Amino acid sequence: MAQTTIGMIGVGNMASAIAKAMHRADANLDLWLANRTANKIKSLVQTLSAQHVLMDEIDKALLKGTDMIFIGVKPKDISALFANLGDSVNIDQAITWVSMASNVSLAELKALTPEHHHWIRIMPNTPVEVGEGFTSYCFSEGLPEETLSKFKRIMSASGTITHIEEALFDVASGMAGCSPAFIYQLIEAMSDAGVAYGLNRQQSIEMGAQAVKGAASMVLETGKHPAQLKDAVTSPGGTTIAGVNTLEAEGFRAAIIKGISASIEKTRELQK
Ligand SMILES: NC(=O)c1ccc[n+]([C@@H]2O[C@H](COP(=O)([O-])OP(=O)(O)OC[C@H]3O[C@@H](n4cnc5c(N)ncnc54)[C@H](OP(=O)(O)O)[C@@H]3O)[C@@H](O)[C@H]2O)c1
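Residues numbered from 1 in each chain as written. Predicted model: local features only at pLDDT ≥ 70, side-chain atom pairs only at ≥ 80, totals over all residues. Heavy atoms only, no water.

Draft legend 1. The arrangement of the overall build of the protein chain in detail. For the protein chain, the count of helices and strands is eleven helices and eight strands. Carbon and sulfur atoms form 55% of the exposed surface of the protein chain, whose accessible area is close to 15,200 Å². The distance from the centre of the 23 positive side-chain charges to the centre of the 28 negative ones in the protein chain is 4 Å. (Helix = DSSP H or I, 4+ residues; strand = E, 2+ residues; numbered from the N terminus. Areas by Shrake-Rupley, 256 points an atom, 1.4 Å probe, with all protein chains shown as cover. Lys, Arg positive; Asp, Glu negative; His and termini not counted. Charge placed at Lys NZ, Arg CZ, Asp CG, Glu CD.)

Set out below in structure tokens:
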């Protein structure tokens, strides 16, 4: 199989997590990384045996011969990035660009590059770094089947990848992009409870995190509805139902629904 060459411009939290996942999928991947602050990616470049591209060398070093270029800058920085790249993106080769920006549409992205270039829009989350991510994707019309297969192959070690309609990207942003932060809050709160009752902090974090991971695996692997799994561990008059009822009275489920809705609404607001 011919070696795949992947470029990445703007390598912060999300893009570096994706770069690590790609490296796991294919250690021989030809990876070219560029970041505004060059120093910040030096150790990542070394760890992944990647090529370090300076921003003013992108036109010479990165655009030609690259199969796919991931853009990892914040949504507000995309226009400035393409303004800086200027005419250098006007090349005959049909580059496939991949954007992870949470609220920039395919139509807006397409307008940044020549008509014959392709765009894939993704909504990943940071657990891609450990192969447990969830990445939704959609793509511009005319993306060759072979390019889509290549994209799926290089993302294969990142976790689950699913095609969704672009209209649902703001929902995927709240449900998958933002939600790891909510789960970290849950684990932190669980660990506070454990510490209050005498566990040390590390034991407490491990116990909470493994309970979350185990419960998630039960949902995914058994295919059972979460309520069914909850019912199976609540014996009449028992300890678990006492906790479940207290969480219900404290608005636990309503708080989660409100939190995810707030993230979705914020994404919608930022799109305007
Ligand atoms: N974090 C998440 O969980 C998550 C989830 C889903 C989607 N996303 C999306 O992922 C994107 C990046 O988010 P992030 O959290 O990874 O942000 P981040 O850590 O701030 O990374 C952004 C990176 O872009 C670089 N950059 C900014 N302007 C640039 C330019 N003109 N040229 C080259 N590099 C430039 C920054 O360089 P400096 O080092 O100079 O600052 C920084 O390394 C966003 O579009 C966000 O919507 C993030």
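Draft legend 2. Looking closely at the UniProt feature "binding site: NADP(+)" (unreviewed entry) in the protein chain. When the UniProt feature table is mapped onto this chain numbering, "binding site: NADP(+)" (unreviewed entry) sits at Ile9, Gly10, Val11, Gly12, Asn13 and Met14. Mapped onto the elements of the fold, Gly12 is located in the loop between strand S1 (5-9) and helix H1 (13-25). Exposure remark for Asn13: the relative accessible area of 66% places this residue in the exposed category. (UniProt positions renumbered as here; feature names shortened; annotations may be inferred. Buried < 20%, exposed > 50% of the residue type's maximum accessible area, 1.4 Å probe, protein only.)

Draft legend 3. View of the sheet that holds strand S2 (residues 30-34). Judged by pairing direction, the sheet is mixed, and its eight strands sit side by side in the order S3-S2-S1-S4-S5-S6-S7-S8 without closing on themselves. Single-partner strands in this sheet number two, and they are strand S3 (51-52) and strand S8 (159-163). In the packing of helix H4 (residues 78-85) onto the sheet, the strands contacted are S1, strand S4 (68-71), strand S5 (96-99) and strand S6 (118-123), and the crossing angle to S4 comes to about 135 degrees. Against the sheet, helix H6 (residues 145-154) touches S1, S4, S5, S6, strand S7 (133-139) and S8, its axis set at about 55 degrees to S4. (Pairing = 2+ DSSP bridges. Contact = heavy atoms within 4.5 Å. Axes fitted to C-alpha atoms, helices over the stretch in contact; angles between N-to-C directions.)

Draft legend 4. Structural detail: the site of the ligand. Taken together, 24 residues are adjacent to the ligand, and Met14, Asn35, Arg36, Thr37 and Lys40 come closest. A distance of 2.8 Å separates an oxygen atom of the ligand from a polar side-chain atom of Asn35. Within the backbone of Val73, one N or O atom sits 2.9 Å away from an oxygen atom of the ligand. For the ligand, whose accessible area on its own is 890 Å², the fraction buried by protein is 84%. Looking at the shell around the ligand, its residues break down into eleven nonpolar, nine polar and four charged. (Near = heavy atom within 4 Å. Polar contact = N/O pair within 3.5 Å; in protein donor to acceptor, adjacent residues only side chain to side chain. Nonpolar A, V, L, I, M, F, W, Y, C, P; charged D, E, K, R; others polar.)

Draft legend 5. The arrangement of the packing of aromatic side chains in detail. Under the counting rule described, the total for this entry stands at five aromatic pairs. Ring geometry for Trp97 versus Trp119: centroids 5.7 Å apart, planes at 20 degrees, classification stacked. Linking Trp97 in strand S5 with Trp119 in strand S6, this pair joins segments that are 22 residues apart in sequence. For the pair formed by Trp97 and Trp119, the shared burial category is buried. (Phe/Tyr/Trp six-rings, centres within 6.5 Å; stacked < 30°, edge-to-face > 60°.)

Draft legend 6. Highlighting a nonpolar patch on the surface. There is a patch of nonpolar side chains on the surface, built from Leu247, Phe252 and Ile256 and spanning about 240 Å² of accessible area. Among the structural elements, Leu247 can be located in helix H10 (residues 239-249). (Patch = residues over 30% accessible without salt bridge, like charges linked within 9 Å, V, L, I, M, F, W, Y side chains within 5 Å. Salt bridge = Lys/Arg side-chain N within 4 Å of Asp/Glu carboxyl O.)

Draft legend 7. Here's a closer look at the environment of Ala61. Along the chain, the position of Ala61 falls in helix H3 (residues 58-61). Overall, the relative accessible area of 25% leaves Ala61 in the partly exposed class. Taking C-alpha positions, Ala61 is 9.7 Å from Gly7, a pair spaced 54 residues apart along the chain.

Draft legend 8. Up close: the side chain of Ser99. With respect to the helices, strands and loops of the structure, Ser99 is situated in strand S5. In terms of polar contacts, Ser99 uses its side chain to reach the backbone amide nitrogen of Ala101, at 3.2 Å. With residues up to four places along the chain from it excluded, the contact list for Ser99 reads Ile71, Ile78, Leu109, Trp119, Ile120, Arg121 and Ile122.

Draft legend 9. Region of the structure containing the side chain of Thr4. Considering the arrangement of structural elements, one finds Thr4 in the segment before S1. There is a polar contact of 2.8 Å between the side chain of Thr4 and the side chain of Arg153. Thr4 has contacts with Leu29, Asp30, Asp67, Lys150, Arg153 and Ile154, leaving out every residue within four places of it along the chain.

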